[in-house]
Structures are given as structure tokens and as C-alpha cells.
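# Summary of structural features
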Amino acid sequence: MSPNINLTTAFFTGLITFSLLYGVYFVLFLGSLYVLFYKKMAGQVNSIILGGTILQFILISVCYGIRWDRIYTAFITNGGTPDGPLLFLAQLNDWRELSSTALWAVTGALGDVMFIYRLYIVWDYRLQPCLAPLALLTGSLASTIGLISVLERPITTAYTINLTRWVYAFLSFNLAQNILVNVLIIARIWRINARATSLRIGATLWPTVVVLMESGALYSSFVLVFLVTYACQNNAAMIMTDMVLPIMGIAFNIIIVRVGISSKDNSTGKSGSNSHGTVIFTHHPTNSIAYPLSNFTETAPSPEDGKGGGTLDRHDFEYA
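All of the points below concern the structure found in this document. (Residues numbered from 1 in each chain as written. Predicted model: local features only at pLDDT ≥ 70, side-chain atom pairs only at ≥ 80, totals over all residues. Heavy atoms only, no water.)

## A closer look at the packing of aromatic side chains
Counting across every chain of the model gives 16 aromatic pairs. On the numbers, 6.5 Å between centres and 40° between planes, the contact of Tyr25 with Phe29 is tilted. Here Phe29 and Tyr25 lie together in helix α1 (residues 7-38), a separation of four residues that amounts to about one turn. For Phe29, a relative accessible area of 6% corresponds to the buried category. Where Phe26 meets Phe57, the ring centres are 5.9 Å apart and the plane angle is 40°; that geometry is what we call tilted. Of this pair, Phe26 sits in helix α1 while Phe57 sits in helix α2 (residues 47-77), and the two are 31 residues apart along the sequence. With a relative accessible area of 34%, Phe26 lands in the partly exposed category. The ring of Phe11 is capped by Arg70, whose NZ or CZ atom sits 5.2 Å from the centre of that ring. (Phe/Tyr/Trp six-rings, centres within 6.5 Å; stacked < 30°, edge-to-face > 60°. Helix = DSSP H or I, 4+ residues; strand = E, 2+ residues; numbered from the N terminus. Buried < 20%, exposed > 50% of the residue type's maximum accessible area, 1.4 Å probe, protein only. Lys NZ or Arg CZ within 6 Å of the ring centre and 35° of its normal.)

Structure follows, in C-alpha cells:
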């Protein structure tokens, strides 16, 4: 077993890191709202992206408040005795722990759904590439139900075998699904970019690939560290529990903000005329749109084929 840290230290450190990362996430959330509401006044806002962004912020914020309440209760309310905070934090069936765990799982499921929605858009509303990620998402949800059912019972440690199998399953499903979705999105963009490069038309999509790879690597690396520390039964896993949630929000919103900044740099300077990043703002991102920038397109199947319609544009991928 690896060198361990004190449980109270782990929980307190986890809240501090949660607070620091929440500050970063809050700024990115405001930036996302700015991009969604004010930088695309000429287009119709994509209600799914906007609703998912706001709902994710609400869930993470509520979970943050509950974690603060749990630490306050542990160190202030139960801090009158030396072992008071430790005994309280060891109660994994406390309503605060159950609520924060449930919110953690629901927020993770929401993030997974939004990633799959991006995949669905990038592949021109084709369901086939989404089947495997949806199967993994179903496994994650089933693992969450099993995890919460175990936490409702009195347990003395977070590493009991009845709990660890559900945690392993949830993290494994989540990690596999995140990697698979990112690979499928990048593969689609790679194909489009290679075709455009061979024809020497349009701008490169490599900046888009870089943004997606960095976002996916950020979240996946934290989930992997969480899985390793938990498997080693190291209390640092409690720190990672608090870190993964805001990282999830950061990874989601940083794509919107970074591409939003890029769209400003590439705009024509005419107020409300920039159509960059149509996927975020419209419900039909693959329709033919007259962009003020040089484009390259791949003709998508016609609506009569039942597989979508219009053309796929580099800007569609950037905000997907």
C-alpha cells in the first residue's frame, strides 16, 4: 500500500482545491455565457448547449455548497473533541456525502451526454457512432445506482469491497467513454482535414483538433489519477473526488471560450455578422451557411437519405 495521508487532511485539502478550481470554472462559465449570448446575436442560440452549460453550473455550485457544509460541520460543529472531525467524516452515509455523491454522478452523466451530443453533431446527426458511447454511459449510470445504494448502508471505510467494485466500474466506464468520444470526434475531423488538405482548399482544422485533445486529456488524466489513487487505497482519492467535478466543467467550457476567442480574431469586424461556431448557436449547424471566411466543406448525405443534409463546415466542428 502506498504512503497514506490523514483522512481529515485529505477532505480539507480537497475542499481547498475544489475552491481554487471552482474559481477557474466560474470565470470560464461567464466567458461561455458571453460567447453564447453576446457574440452571436445574429444566430439562434443552440438551446441544448446553452441549457447544458447552465445546468452543469448549477449542479457543480450546489455540490460545492454541500461540500463546504460538510467540512464546516466536521471542523466547527464537531471540532470540540480531537477525534470529532475524523469520526464525522468517516460517516459515509451522512446525507451530505450521499447528496454530493449523487450530484457528482449526475453532473458526470450530464457531461457525458453533452460530449455524446458533440459527437452526434460532428458526425452529421448519425446515430451509429454514438451507440458505443451510449452503452458506456448506461454502464456508468448503472454503476452510480449501485454506488449510492451501498453508501446508504453503514460502512466504516471507503475501500470496502462492496463499494470499490462500483467505484471501479463507474470510473472505468467514464474514462473509456470520454476517450472513445474524443477519438471518434478527432478521427472525423482528421478525415475532413486530410481531404481538404489534399484538395488544397480552405483553412486547416488542426487548431480544432488541438483544443479537443487538450480538453479531453485534461479530464481523462484527472479521472485516471483518481482511479489509481483509489485503487491504491490512498486518501488522496478524496482530494481527487473534489477536483474532478470542477475539472469536468473546465474541460467543457474551455472549448466554448477558446473557440469563441478565435472566432473574434477571425471575424470581419461587422457587428452581429460573424457566423463562426454555428453548432453552439443554431439548431441546424450543417445547413449551408454563407460564412465571411474561407471554408471547405464535405457534402453530407441528403435529407432524402435519412442521414442529414447540407454541408459540413470547419466552424461546425470547432463549436461541436
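## Notes on the side chain of Ser215
Relative to the helices and strands, Ser215 is located in helix α7 (residues 206-231). For Ser215, a relative accessible area of 4% gives the class buried. Among all residues touching Ser215, those that are not within four sequence positions of it are Ala251, Ile254 and Ile255. (Contact = heavy atoms within 4.5 Å.)

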